[in-house]
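Structural overview
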Number of protein chains: 2
Amino acid sequence: MQTTQVSDYLVGLQSRINSAIAAVDGGTFLVDPWQKPSGEPLQGSGITQILEDGAVFERAGCGFSHVAGPRLPPSATQHRPELSGAPFEAMGVSLVFHPRNPYVPTVHMNVRMLAAKAPDGSEVCWFGGGMDLTPFYGFEEDAVHFHQTCKDSLIPFGDDKYPRFKTWCDEYFFLKHRNEQRGVGGIFFDDFSELGQDGSFSMLQSVGDAFLKAYLPIVERRKDMAFTQRERDFQLYRRGRYVEFNLVWDRGTHFGLQSGGRTESILLSMPPHACWSYQNRPEPGSAEDNLYTQFLVRRNWV
Amino acid sequence: MQTTQVSDYLVGLQSRINSAIAAVDGGTFLVDPWQKPSGEPLQGSGITQILEDGAVFERAGCGFSHVAGPRLPPSATQHRPELSGAPFEAMGVSLVFHPRNPYVPTVHMNVRMLAAKAPDGSEVCWFGGGMDLTPFYGFEEDAVHFHQTCKDSLIPFGDDKYPRFKTWCDEYFFLKHRNEQRGVGGIFFDDFSELGQDGSFSMLQSVGDAFLKAYLPIVERRKDMAFTQRERDFQLYRRGRYVEFNLVWDRGTHFGLQSGGRTESILLSMPPHACWSYQNRPEPGSAEDNLYTQFLVRRNWV
């Protein structure tokens, strides 16, 4: 496996996903290639793609980035002290799609690779990523379909993967300050190399390729459902939680912003509109209350 | 000086400010007293007051809180190692007012005290706080008035205070990931005890008492100015920056959420509505561009 194979796969994945999303929406992604100014310690480039104010998606951001640095930061080498300070490259595709219709869930997907040169000259690499679904109004069949597709993508790589990555996702996408899950979860993994470079990359591809299968049927099913201002208001309120999670708890976002990453690309994940209001608690038994009690909790969906 | 004097002052200040704001608005503050459940390590109570969806203020939150704990956290004793682990109490009033009209600036004010029992039984206390103004459309006379009022409040306590606290404010309310000031600044101080307990408390009172003088004339001057969707859109976009600052950089907010503070009281500062869009850059020479080039920069206003 060469790192160019990985970057080819990632750029292709970004393009496939965005073509499919643009087709459903009828709109067009802005394609914004960027390059870090030379002279900065972190070198790199990327392609930021975003569709704003579409018919189906109010804001759909999907970025590819590929950076290289002279020294791995300590946060990346907790489990690999022998690589501390080694030259590295990192690449990935990350997306968050914010739909317009409150019955369509928001979704996040990320696939990434980190490679470092060990002191003996050999290259070591590991993978991370996953996807998770954040509904505003809960539908069991959507959560089951999303999880089943995630599970299917991991089956060829061992029966242990889905349960491990499902639990990891529940633990990661948790808003401690609200005592709430971000949504119905999905899968999350990091620091993954246990199937060897080729096997681990195959697993990453399987997860990336599963994204459209996991999400698009849900979009098709919900995008034309009628809704009123009530559902819209609840969507805007719940999007505030997405902002809170990403800015307070998400390591990639928080440290990216604090350490000089490309702000507009990191904040592709922000919703187009979000609201806050004090002690907004839904009426017991309402559809909104049902979201909290039945969906924003840890459950085995498949 | 007794700590009850300080809490009496703070509760009175909250009440005076909110009465004046409610009078301008025509609306009413919700008054929500709360108490931490017994059994938690941090004991305490507070009064959260909030006016939402008013005629002049879309969201105006002002909280008083008074907590006590068995051991000062390390973050509070950097400059006072002898007090590490000492029993403490902390109290303060904190407010953020989000006006409806984009010509009225958003404002933040905070006054607080921390008291700890030294190993020899004596009580040590220090003060912090300040206020800062965040316009969406810049008016020199507003920035000058706000800073002049801050300066006047500090004059009786020494000529050095305003310049020091003005610079401190510029440094604190800076969005590193945007390379932007949050607004036109004001004053900020922390760990302050250099005038002794009584003198330092007098200074705190002078700052707290100056708030309405600093802000209300600006509200009166701007609240009935005509605006269009363009100004509203820019206001919503800029409020996204307020969210970014508070959740990513503000120590009180970020650590409060991560360490189990009362979430709904901490997030009183969030705007009612906020927006994000990609690479939103105003046209050179426009009023919006003028905000960035003339107001969101470090300037000597008085």
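Residues numbered from 1 in each chain as written. Chains lettered and ligands numbered in written order. Predicted model: local features only at pLDDT ≥ 70, side-chain atom pairs only at ≥ 80, totals over all residues. Heavy atoms only, no water.

**Some details on the pairing of strand 4 (residues 88-99) of chain B**
Looking along a regular strand, one sees side chains alternate from face to face of the sheet. All names here are of chain B. Going by this rule: With a 1.4 Å probe rolled over the protein chains alone, any residue whose accessible area is under 20% of its type maximum counts as buried; one over 50% counts as exposed, and the rest are partly exposed. A run of DSSP states H or I qualifies as a helix once it reaches four residues; a run of E qualifies as a strand once it reaches two. Both are numbered from the N-terminal end. The rule for pairing is simple: two strands pair if DSSP sees at least two bridges between them.
Burial analysis of strand 4 places 11 of its 12 residues in the buried class, which makes it a mostly covered element. In terms of strand pairing, strand 4 meets strand 5 (residues 106-117) through 10 bridges, oriented antiparallel. For Val93, the partnering residue across the bridge sits in strand 5 and is Val111. Here strand 4 hands over to strand 5 after 6 residues, the two strands then running antiparallel side by side.

**What about the sheet that holds strand 9 (residues 185-192) of chain B?**
All names here are of chain B. The test is simple: In this analysis, axes come from line fits to C-alpha atoms, helices being fitted only over the stretch in contact, and the angle between any two N-to-C directions falls in the range 0 to 180 degrees. Residue contacts follow a heavy-atom distance rule, with two residues in contact if any of their heavy atoms lie within 4.5 Å.
Reading across the sheet, the 7 strands line up as 1-2-3-4-5-6-9 and stay open at both edges, with antiparallel pairing between neighbours. The open sheet has two edge strands with one neighbour each: strand 1 (30-35) and strand 9. Averaged over all neighbouring strand pairs, the angle between strand axes comes to 10 degrees, with direction disregarded. Of the strand pairs in this sheet, strand 1 and strand 2 (residues 43-52) are connected by 6 bridges, and their pairing is antiparallel. Across the sheet, the residue bridging to Asp32 is Thr48, located in strand 2. Its contacts with the sheet put helix 2 (residues 140-154) on strand 5, strand 6 (123-134) and strand 9, and the angle it makes with strand 9 is roughly 30 degrees. Helix 5 (residues 229-249) contacts strand 3 (57-69), strand 4, strand 5 and strand 6 of the sheet and is inclined by roughly 160 degrees relative to strand 4.

**Looking at the packing of helix 1 (residues 3-25) of chain B against helix 4 (residues 196-222) of chain B**
All names here are of chain B. Basically, it comes down to this: Roughly parallel refers to an angle under 35 degrees, roughly antiparallel to one over 145, roughly perpendicular to one between 65 and 115, and oblique to any angle outside these ranges. Here the term charged refers only to Asp, Glu, Lys and Arg, the term nonpolar to Ala, Val, Leu, Ile, Met, Phe, Trp, Tyr, Cys and Pro, and the term polar to all other amino acids, Gly among them.
At a minimum axis separation of 11 Å, helix 1 and helix 4 run at an interaxial angle of 5 degrees. One element, helix 1, and the other, helix 4, form an angle in the roughly parallel class. The segment helix 1 lies against helix 4, with Gln5, Val6, Tyr9, Leu13, Arg16, Ile17, Ala20, Ile21 and Val24 engaging Phe201, Leu204, Gln205, Gly208, Asp209, Phe211, Leu212, Leu216, Val219 and Glu220. Classifying every residue of the contact of helix 1 with helix 4 by side-chain character gives 13 nonpolar, 3 polar and 3 charged.

**Here's the deal with the pattern of salt bridges**
All names here are of chain A. The test is simple: Here, a salt bridge means any Lys or Arg side-chain nitrogen found within 4 Å of an Asp or Glu carboxyl oxygen.
By the definition in use, this model includes 48 salt bridges over all chains. Across the pair Arg221 and Asp142 runs a salt bridge whose closest N-O atoms are separated by 2.8 Å. Here Arg221, found in helix 4 (residues 196-222), pairs with Asp142, found in helix 2 (residues 140-154); they are 79 residues apart in sequence, far enough to count as distant. We note a salt bridge from Asp224 to Lys223, for which the minimum N-O separation is 3.1 Å.

**Regarding helix 2 of chain A**
The line we're drawing: Under the convention used throughout, the expected extent of a helix is 1.5 Å for every residue step, that is, one less than its residue count.
Here helix 2 of chain A contains 15 residues, and its C-alpha end-to-end distance of 21 Å stays within 8% of the 21 Å for a straight helix at 1.5 Å per residue. The secondary structure elements touched by the buried residues of helix 2 of chain A are strand 5 (106-117), strand 6 (123-134), helix 3 (161-172), strand 9 (185-192) and helix 4 of chain A.

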